[in-house]
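# Fold and contact review
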Amino acid sequence: MVVIKPTPSFYGDDQLSAYLSLLKLSAIKGQPSLANLNSIVRAHLMTIPWENTQMHYEAAGYMDVAPEAIYKRAVVERAGGSYCFGQQTLMLGMLLAMGYRAYGCTGRVNTAPEATDPVQFEARAHLVLLVQIPNSQLTPSETGNETYVVDVGFGLGIVRPMLFKDGEEMSGLFPPEIHRLVKTYHPGSSLDTTDPSTQPFAEEWRLEINTTRTGQELPLGSWRTLYQFSLNQYYLEEFEWMSHMVQSHPKSFFWNNLAVVLYTPASGESTEGGTKMGVKVMMGPKITYREEGKYEILREMKNEADRIAGLKEYFNIDYPLDAAVNVQNKHELPLEGSLGRRTSAAGSSERDSDYFRTAMRAGLATIILEDNVESTLG
């Protein structure tokens, strides 16, 4: 059993108020209940885009995930969001400021191309939050020991707090998607997991999904691993170091691609009181929209001017047209060739198995495999 003690936040009361105002949730301040945790996660996903545009359109090419930096970008300037380390840092600080008990742990993303392939884990490069409800906010059915997995940083992952329980299943964005949480071990562990005294040191937790990368339901009883995490606590300084690796390694998905995800209320749903969501995704040469029973291409992009316009129109991320030169300088590519696929100066494609493996770390392969998406998600 995990017991999380109350911890001071690195954000102040005024910053919490500004964040809740941005999410249109000012009325819930001071009420850290499970219902309000659900509301915060939903509103965050629909307000602050998951994205890595700073890496590509700003001259410094740097995603600053320090608490004050992500707060300034997402809340003060409302200029965009971040990927997992920035998103989850902001979420962690605000949940602590609300009065929730929470901490961050890290995981390894599975980059295996197919559900039937053995897992292929990267180094630790994903941030997961574990959250508990204060005793003063418990309902009669809660004991105070319930823990919830919160993850607003995986792009296309869980969209609600998930009960931290072995075998727990939770519906995804829309049918047939289901997520499952299972206790497990790293397949390469040197620890003797048959020894009861050793097992606690080797235990990890795996988040799985019952669909393929292209959205098709797997055979009953089959699951695809998204990522696996342990319960050890990690700290702000480590988040920043891990983020540096993610954004600077030449094989990283984020180094090689620009991607944006923003959730929206599904058709007929309100922002505040609804339960169903759709999702807009920019990946490669397309901006797409999905909700239950609907798949739509919102925009097809042929060059950086198209993409910069699409960022503003669909995600409210604003860059001047001349920012495109930073994409060209970073990858030494013609602007027309930089939409989601790296091409060498000679024009040879590098969209090989390494590309698909790195793409999997963002949970975005559904969008990358565009030839198959329309038939499976339409």
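Keep in mind it's a predicted model, so treat the numbers as computed, not measured.

## A look at the overall build of the chain
Scanning the chain from terminus to terminus reveals 13 helices and 13 strands. Looking at the chain as shown, the accessible area adds up to about 16,100 Å², and 50% of this sits on carbon and sulfur atoms.

## A few points about the packing of helix H2 (residues 34-47) against helix H5 (residues 84-98)
Where H2 meets H5, the closest approach of the two axes is 12 Å, and the angle between their N-to-C directions is 150 degrees. Considering the angle they form, H2 stands roughly antiparallel to H5. By crossing handedness, the relation of H2 to H5 is classed as right-handed. Only Gln 87, Leu 90, Met 91, Leu 95 and Met 98 of H5 make contact with H2, whose side of the interface consists of Leu 37, Ile 40, Val 41 and His 44.

## Focus: the sheet that holds strand E12 (residues 286-291)
Within the open sheet, the five strands sit side by side as E1-E10-E11-E12-E13. Their pairing is antiparallel. Two strands in the sheet have a free side with no partner beyond their single neighbour: strand E1 (50-51) and strand E13 (294-300). Summarising the sheet, strand E11 (residues 277-283) and E12 pair through five bridges and their orientation is antiparallel. Considered in E12, the bridge of Met 283 is made with Lys 286. Most of the contacts of H2 go to strand E10 (residues 259-265), to which it runs at about 125 degrees, and overall it touches E10 and E11.

## Digging into the pairing of strand E3 (residues 126-132)
Counting buried positions over the seven residues of E3 gives seven, a clear majority of the element. Burial of E3 is two-sided: the residues His 126, Val 128, Leu 130 and Gln 132 facing one way and the residues Leu 127, Leu 129 and Val 131 facing the other way are all buried. Bridging between E3 and strand E4 (residues 147-150) involves four bridges; their strand directions are antiparallel. Residue Leu 129 lies in a different strand from E4, and its bridge partner there is Val 150.

## Quick look at the environment of Glu 238
Turning to its location among the elements, Glu 238 is positioned in helix H7 (residues 236-248). Measuring from C-alpha to C-alpha, the distance between Glu 238 and Phe 85 comes to 9.9 Å, with 153 residues separating the pair along the chain.

## As for the confidence of the model for the chain
Looking at the chain as a whole, the pLDDT averages 86, with 86% of positions reaching at least 70. Predicted confidence is poor over residues 332-337, with pLDDT under 50, and the contacts of this stretch with residues over four places away or in other chains come to ten contacts. A low-confidence stretch, residues 340-378 (pLDDT under 50), is modelled with 99 contacts involving residues beyond four sequence positions or located in other chains.

## Some remarks on helix H1 (residues 13-22)
Residues of H1 that are buried include every one of Gln 15, Leu 16, Tyr 19, Leu 20 and Leu 22, and no others. Taken around the axis of H1, the buried residues stretch over an arc of 155 degrees, which confines them to a single face. Exposed side chains of H1 directed beyond 90 degrees from the buried face belong to Asp 13 and Asp 14. Phi turns positive, to about 60 degrees, at Lys 24, one or two residues after H1.

Calculation rules
- Residues numbered from 1 in each chain as written.
- Predicted model: local features only at pLDDT ≥ 70, side-chain atom pairs only at ≥ 80, totals over all residues.
- Heavy atoms only, no water.
- Helix = DSSP H or I, 4+ residues; strand = E, 2+ residues; numbered from the N terminus.
- Areas by Shrake-Rupley, 256 points an atom, 1.4 Å probe, with all protein chains shown as cover.
- Axes fitted to C-alpha atoms, helices over the stretch in contact; angles between N-to-C directions.
- Parallel < 35°, antiparallel > 145°, perpendicular 65-115°, else oblique.
- Left-handed = near helix turned anticlockwise from the far one by under 90°.
- Contact = heavy atoms within 4.5 Å.
- Pairing = 2+ DSSP bridges.
- Buried < 20%, exposed > 50% of the residue type's maximum accessible area, 1.4 Å probe, protein only.
- pLDDT = per-residue confidence, 0-100.
- Arc of directions from axis to C-beta.

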